[in-house]
2 protein chains.
Amino acid sequence: MTGGARTAAPRPPADGPSDAGGVGGLSGPAALAGGVAGPLDPAALAGGVAGPAALRPLLDTVLTALAAGAIERGGPLPAGLPGELAQRVSAALRPDAPSADALADLTRLLVHGAADPADPACAAHLHCPPLAVAVAADLAVSALNPSLDSWDQAPAATVLETELLAELAELVGYQPQQAAGVLTSGGTESTLMALMLARDTVLGAAGSRPELDGIDPARRPRLFASQAAHFSVQRAAAVLGLGERAVVGVPVDHAQRLDPRALAEALAASVRAGETPVAVVATAGTTDTGAIDPLPACAELAAEYGAWLHVDAAYGGGALLSDRLAPLLAGIDRADSVSLDWHKLGWQPVAAGVFLARRAESYASLARRAAYLNPADDEAAGYPSLLGRSLRTTRRADAFKIAVTLRTLGRAGLGRLVDRCHRLARYAAERIRATAEFELHGEPTLTTVVFRVRDVGRRRSGSQDQGRVRGWEQDWGNAELRRRLLETGRAVLGRAELPVPGAESAAPAVWLKLTLLNPHATQAQLDQLLIEVLRTARELD
Amino acid sequence: MTGGARTAAPRPPADGPSDAGGVGGLSGPAALAGGVAGPLDPAALAGGVAGPAALRPLLDTVLTALAAGAIERGGPLPAGLPGELAQRVSAALRPDAPSADALADLTRLLVHGAADPADPACAAHLHCPPLAVAVAADLAVSALNPSLDSWDQAPAATVLETELLAELAELVGYQPQQAAGVLTSGGTESTLMALMLARDTVLGAAGSRPELDGIDPARRPRLFASQAAHFSVQRAAAVLGLGERAVVGVPVDHAQRLDPRALAEALAASVRAGETPVAVVATAGTTDTGAIDPLPACAELAAEYGAWLHVDAAYGGGALLSDRLAPLLAGIDRADSVSLDWHKLGWQPVAAGVFLARRAESYASLARRAAYLNPADDEAAGYPSLLGRSLRTTRRADAFKIAVTLRTLGRAGLGRLVDRCHRLARYAAERIRATAEFELHGEPTLTTVVFRVRDVGRRRSGSQDQGRVRGWEQDWGNAELRRRLLETGRAVLGRAELPVPGAESAAPAVWLKLTLLNPHATQAQLDQLLIEVLRTARELD
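Each value, and the rule that gives it
Residues numbered from 1 in each chain as written. Chains lettered and ligands numbered in written order. Predicted model: local features only at pLDDT ≥ 70, side-chain atom pairs only at ≥ 80, totals over all residues. Heavy atoms only, no water. Helix = DSSP H or I, 4+ residues; strand = E, 2+ residues; numbered from the N terminus. Contact = heavy atoms within 4.5 Å. Areas by Shrake-Rupley, 256 points an atom, 1.4 Å probe, with all protein chains shown as cover. UniProt positions renumbered as here; feature names shortened; annotations may be inferred. Polar contact = N/O pair within 3.5 Å; in protein donor to acceptor, adjacent residues only side chain to side chain. Least-squares fit on C-alpha atoms with pLDDT ≥ 70 in both. Phe/Tyr/Trp six-rings, centres within 6.5 Å; stacked < 30°, edge-to-face > 60°. Buried < 20%, exposed > 50% of the residue type's maximum accessible area, 1.4 Å probe, protein only. Lys NZ or Arg CZ within 6 Å of the ring centre and 35° of its normal. Pairing = 2+ DSSP bridges. Axes fitted to C-alpha atoms, helices over the stretch in contact; angles between N-to-C directions. Domains from an automatic or database assignment. Buried area = accessible area lost by both parts, 1.4 Å probe. Salt bridge = Lys/Arg side-chain N within 4 Å of Asp/Glu carboxyl O. Nonpolar A, V, L, I, M, F, W, Y, C, P; charged D, E, K, R; others polar. Core = buried A, V, L, I, M, F, W, Y, C linked by side-chain atoms within 4.5 Å. Parallel < 35°, antiparallel > 145°, perpendicular 65-115°, else oblique. Left-handed = near helix turned anticlockwise from the far one by under 90°. Disulfide = S-S within 2.5 Å. pLDDT = per-residue confidence, 0-100.

Caption draft 1: Geometry of the overall build of chain A. Per the secondary structure count, chain A includes 14 helices and 12 strands. Summarising the internal contacts of chain A: among those between residues at least 6 apart in sequence, 70% fall at separations of at least 24. Counting only carbon and sulfur atoms, one obtains 52% of the accessible surface of chain A, whose full area is about 17200 Å².

Caption draft 2: Quick look at the UniProt feature "modified residue: N6-(pyridoxal phosphate)lysine" (unreviewed entry) in chain A. According to UniProt, the feature "modified residue: N6-(pyridoxal phosphate)lysine" (unreviewed entry) maps to Lys344 of chain A in the numbering used here. Looking at where Lys344 of chain A falls in the secondary structure, it is placed in the loop between β7 (337-341) and β8 (353-357). Setting aside its immediate chain neighbours within four residues, Lys344 of chain A contacts Leu126, Cys128, Ala314, Tyr315 and Leu517 of chain A together with Thr394 of chain B. Polar contacts involving the side chain of Lys344 of chain A include one to the side chain of Asp341 of chain A, which spans 2.5 Å.

Caption draft 3: Geometry of the relation of the copies chain B and chain A. The operation relating chain B to chain A is a screw motion whose rotation component is 180°, with 0.0 Å of axial translation and a residual RMSD of 0.0 Å. Interpreted geometrically, this transformation is the action of a two-fold axis. A shared interface surface links the copies, since 100% of the contact residues of chain B are contact residues in chain A too.

Caption draft 4: Molecular detail of the packing of aromatic side chains. Within the structure shown, the criterion is met by 8 aromatic pairs over all chains. On the basis of an interplanar angle of 40° and a centroid distance of 6.4 Å, the ring pair of Tyr372 of chain A and Phe231 of chain B is categorised as tilted. In this pair, Tyr372 of chain A is assigned in the loop between β8 and α11 (376-380) and Phe231 of chain B in the loop between β3 (221-226) and α8 (232-239), connecting two distinct chains. Its relative accessible area of 12% is what places Tyr372 of chain A among the buried residues. Judged by relative accessible area, which is 10%, Phe231 of chain B ranks as buried. Judged by centre distance (5.2 Å) and plane angle (85°), the rings of Phe438 of chain A and Phe451 of chain A are edge-to-face. Linking Phe438 of chain A in strand β9 (residues 438-440) with Phe451 of chain A in strand β10 (residues 448-453), this pair joins segments that are 13 residues apart in sequence. The exposure class of Phe438 of chain A is buried, given its relative accessible area of 3%. Looking at Arg452 of chain A, its charged tip hangs above the ring of Trp511 of chain A, at a distance of 4.7 Å from the centre.

Caption draft 5: Local environment of the sheet that holds β10 of chain A. All names here are of chain A. Taking strand neighbours across the sheet as the criterion, the 5 strands line up as β1-β11-β12-β10-β9 in an open arrangement whose pairing is mixed. Among the strands making up the open sheet, the edge pair consists of β1 (122-123) and β9. Helix-sheet contacts for helix α13 (residues 476-487) involve β10, β11 (492-499) and β12 (508-515), and the interaxial angle to β11 is about 170°.

Caption draft 6: How the structure looks around the domain arrangement of chain A. Residues and elements named next belong to chain A. According to the domain assignment, chain A contains domain 1 (74-87 + 100-130 + 411-456 + 473-540) and domain 2 (147-396). Computed over C-alpha atoms only, the centres of domain 1 and domain 2 are separated by 30 Å. Taken together, the contact between domain 1 and domain 2 spans 27 residues of the former and 29 residues of the latter. Surface buried jointly by domain 1 and domain 2 totals about 2400 Å² across both partners, of which 65% is contributed by carbon and sulfur atoms. There are 2 salt bridges connecting domain 1 and domain 2. At the boundary of domain 1 and domain 2, one finds 7 residue pairs in polar contact (both at pLDDT 80 or more). The set of elements that each furnish at least two residues to the side of domain 1 that touches domain 2 consists of α12 (399-433), β10, β11 and β12. Looking at the side of domain 1 that touches domain 2, the element that brings in the most residues is α12, giving 9 residues. Looking at the side of domain 1 that touches domain 2 residue by residue, the classes come out as 15 nonpolar, 7 polar and 5 charged.

Caption draft 7: Representation of the interface of chain B and chain A within the structure. Taken residue by residue, the interface counts 213 residues in chain B and 214 residues in chain A. Between chain B and chain A the total buried area reaches about 18200 Å² when both faces are included, carbon and sulfur atoms providing 62% of it. At the junction of chain B and chain A, the tally comes to 18 salt bridges. Put simply, Asp60 of chain A and Arg56 of chain B hold a salt bridge, and the shortest N to O gap is 2.5 Å. Linking chain B to chain A there are 68 residue pairs in polar contact (both at pLDDT 80 or more). The biggest single contributor to the side of chain B that touches chain A is helix α12 (residues 399-433) of chain B, with 16 residues. The residue makeup of the side of chain B that touches chain A, split by class, is 120 nonpolar, 48 polar and 45 charged.

Caption draft 8: Highlighting the nonpolar core. The biggest cluster of nonpolar side chains holds 213 residues, and the ones touching the most others in it are Leu131, Val311 and Trp342 of chain A together with Leu131, Val311 and Trp342 of chain B. Val311 of chain B has contacts with Ala282, Ala284, Leu295, Ile332, Ala335, Ser337, Val338 and Ser339 of chain B, leaving out every residue within four places of it along the chain. Core analysis: the second largest hydrophobic core is formed by 64 residues, Ala194 and Ile215 of chain A together with Ala180 and Tyr363 of chain B among them.

Caption draft 9: Quick peek at the sheet that holds strand β5 (residues 276-283) of chain A. Residue and element names in this part refer to chain A. Across the sheet, which stays open at both edges, the 7 strands sit in the order β2-β8-β7-β6-β5-β3-β4 with mixed pairing between neighbours. Strands with a single pairing partner mark the edges of an open sheet, and in this sheet they are β2 (180-184) and β4 (247-250). Averaged over all pairs of adjacent strands, the angle between their axes in this sheet comes to 20°, without regard to strand direction. Running over the sheet, helix α5 (residues 155-172) touches β2, β7 and β8 and is turned about 70° from β8.

Caption draft 10: Structural view of the environment of Glu167 of chain B. Looking at where Glu167 of chain B falls in the secondary structure, it is placed in helix α5 (residues 155-172). The sequence separation of Glu167 of chain B and Ala403 of chain B amounts to 236 residues, and the corresponding C-alpha distance is 9.7 Å.

Caption draft 11: Looking closely at α8 of chain B. Counting buried residues along α8 of chain B, 7 of its 8 residues qualify, which places the element largely inside the surrounding structure. Count one or two residues on from α8 of chain B and you reach Gly241 of chain B, which has phi positive near 85°.

Caption draft 12: Quick peek at the packing of α5 of chain B against α12 of chain B. Residues and elements named next belong to chain B. With their axes 9 Å apart at the nearest point, α5 and α12 run at an angle of 50° to one another. The angle between the axes of α5 and α12 places the two elements in the oblique class. Helix-helix and strand crossings are classified by hand; for α5 and α12 the assignment is left-handed. Contacts between α5 and α12 pair Leu160, Glu161, Leu164, Glu167, Leu168 and Leu171 from the former with Ala399, Phe400, Ile402, Ala403, Leu406, Arg407 and Arg411 from the latter. Looking at the contact of α5 with α12, its residues break down into 9 nonpolar, no polar and 4 charged.

Caption draft 13: Highlighting the pattern of salt bridges. Throughout the structure, instances matching the rule amount to 83 salt bridges over all chains. In this structure, Asp378 of chain A and Arg483 of chain B form a salt bridge, with 2.7 Å as the shortest nitrogen-oxygen distance. In this pair, Asp378 of chain A sits in helix α11 while Arg483 of chain B sits in helix α13 (residues 476-487), so the two residues belong to two different chains. Note on Asp378 of chain A: relative accessible area 5%, which makes it buried. Several salt bridges share partner residues, and in doing so they unite Asp152, Asp377 and Asp378 of chain A together with Glu480, Arg482, Arg483, Arg484, Arg495 and Glu497 of chain B into one network.

Caption draft 14: Local environment of the state of the cysteines. Evaluation of the coordinates by the stated rule reveals 0 disulfides over all chains. With no disulfide partner, Cys421 of chain B has as its closest neighbouring cysteine sulfur the one in Cys128 of chain B, 9.4 Å distant.

Caption draft 15: Representation of the confidence of the model for chain A in the model. On average, residues of chain A score 90 in pLDDT, and 89% of them are at 70 or above. Scored by ipTM, the complex comes to 0.93, with pTM at 0.93.

Caption draft 16: Focus on unusual backbone geometry. All names here are of chain A. The step from Val350 to Ala351 runs through a cis peptide bond, and the omega angle for that step is 0°. Residue placement: Ala351 occurs in the loop between β7 and β8. Non-glycine residue Trp347 carries a positive phi angle of around 60°. Secondary-structure assignment places Trp347 in the loop between β7 and β8. Note on Trp347: relative accessible area 0%, which makes it buried. Its identity is not glycine, yet Asp455 carries a phi of approximately 60°, on the positive side. Locating Asp455 in the fold gives a position in the loop between β10 and α13. The class for Asp455 is partly exposed, based on a relative accessible area of 48%.

In structure tokens:
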């Protein structure tokens, strides 16, 4: 790429020649006709009356590349070392003459180089295979490009998000008329939002305005979360100017659940030390094991100490869709705020994060008047604005795909998908427990199964293999096994570092993790995956 | 929706009946076959080998609804008051039995209720009509759902984002080997990222660790931005714990450009007062007028005072694509960080924000080690991680659509689109200046034209019309005119509140704004739009 600003002389632009030549050297006069562009015009638009005709052949190209690339990959991810794939991608991206084949070529490469969560052997992360209906709905959003920072960029989408959030507030157990929320990029943004509102509400209760004046460190604000909570709590504390050290890590029990007695002690000690407990973050579905903190006890304690209760149900919120599993989240309606990620147990393409606050008025510190987006006279005239709901300005209508999915499958239909994943997790745990070479970490709560292979690679544990890091000698085996599964393209398994239940030492060991989010994966496929793990473990010996 | 957690008893889940009945009451046995689901299965997945076959009929449904909805709307937005549309959307969303028609019905409603930027009369905001090729590329991302928080969720996409960012760093004038960056949700997240790195770098230079220990208010950190800068600067200051009052608003000249002498004075006064200048934010393309601050002077002053320079080129960064316009951004390569939004002058669907830092090491305070995402032994084994680049964890591969667009059109092809919009803006300014009933605010710099209708609605200015707000009597006309254009479905024009150039009073008046981002819009369509504005203005008299 040339012609950047660095070497250019600072002169005002002169009018160039008239633009009769089309765009990218590829288009004819059609590119110049207002809004009407033929399918071969690389600068054709997706919207308008002509958009669908321009899109159709391009979508066909993508579908063809998706099918071809998946067959070419032939498994959950491409075999090989990361450097090999990197070279191939770099070569394909090297600046060259513009090409009408770029969409086909790069899509095929993206598919070839994907870790596809629709493959039952891709089961590492809270990384779901999206539903086709959600993906199709997301296409409409891409084509129309509504942006939720003002009504006049998203008339229907503004209403649609508001209605969806009311429905989800009800699902959580909130009074939908009193609640408010917003779609987010995921749990991390939701945590940031929650802890910002907590900071401004709790510290602001004494009359200060943290959002205007900054933080008064004399208040010594503290956040409480279990040691198994997601690192986004620490990250939010850093972003918010509280500092990571403001986070008090509360001990967990053997199943990685927050210990409520430890929380009570930590809160009491904090207040004795003159600190201000700003928030308690309870996790409903930890990343490592899917553990759910005792929500009622957390609610009691947060209320007692005047702290905000945020329930991070980014993963476990999916249980609300299932009649069988919803009781696991009893007490969530007492949270001041909740996060749910529909790109986890909701089968949406990223992003589909949901943040909900029990009381709309807790959004006060985020309220914002911008003359170009939500002038007072427009609001008085009935034009609603969602600007004050989000940390973002421009914002994609991620609510649409969720709404379409809910209306297509219903809560019950989605609940059955959750139940299937949960049942598969229980089946996997059973098979792992029945296999002598495996060690199960504990019973699955949601859809995560943590286990390891006993004594894998022990005979090579003294060697200097690539990827071995000092201090992990005793765990080299399962870490290396996981990488071997990646390199051979056989499986994408997750990894966790957790103490060994019942062991004297609290030192963490490396575990393998199955995060089962594919509702179509069968028991036979799960068996096959475990066989692959054993076979690969034996190769390492 | 029923069955939420609020009323459910807290009992552990029991195993339900076996799941032979399919999903949502609509599917047959195909829904249970692993990964192979027929097109009529509402729970079919988009990925895998079977995904394309499941997607094809659904995409067809969307294309049909896009075409039908656009014809039904018959203009840039639906005519009517917001409440009328809201009722229609609410009715369509009302919980009902799951329906296989939901995708078609809701898409048609979304299209009907859209403000479609592909219509030349939709020209209010930095809200671009996306290119069909970018929308098609985004479909592949939705289907495969790569997430950039770990290599094993996005092998190819991880490389692709890294390569794209290096290319964009070069476009800005950075040394790509030394720079680093990340895709963001847009300018607001990029500003937050920039000011967080600025906070941690500048305040941390004295040995403190703001990201760990929180902010030391004794340092009295200050941020400097022009009074025409985007409100995301204030919002970031609030989020970051600095407080909105830490932002010093620097006066602008008649063309809304930061006055460098005023910046010099503000910085000097700040230091004299014992404050710490943390960052200067220069805007390359303001939201209201597209004004570009004097970047070289800002760079000099930021360097002199040891402050971070962030250039918000969310809008104006598009000029880098055009040989004619790139000189307007001379000096941008001296910024410590830059934001570019490809969902503005880049014709991408939202989100396509780009954040770039000149020095990769300035990311230090965001570095993050998570055992489940980027363990040290995996990195040693060659698995790259982008986790420490972003404020998010789960992150969609927004780089893909940009990369496909760049390879399809080339920088030069995109530059021609920028030039077209720029030429149309100059044409619009010329026509407005030549029309006695219009008043032009100033010459357009990029693609924004600000103007107003003289004496509109003056005869009714004493009345008590809906939407009139105290203090705006003299401006009732243009504000009401803009709403009338919305209500009649004729046009979506922007709004700005700016002083009248040359007037004695600095009090802001209401202006109309054309933000011209449709490269296919013609001069004839622009003429028609201006005629519509005049016609509507006369209706108000």
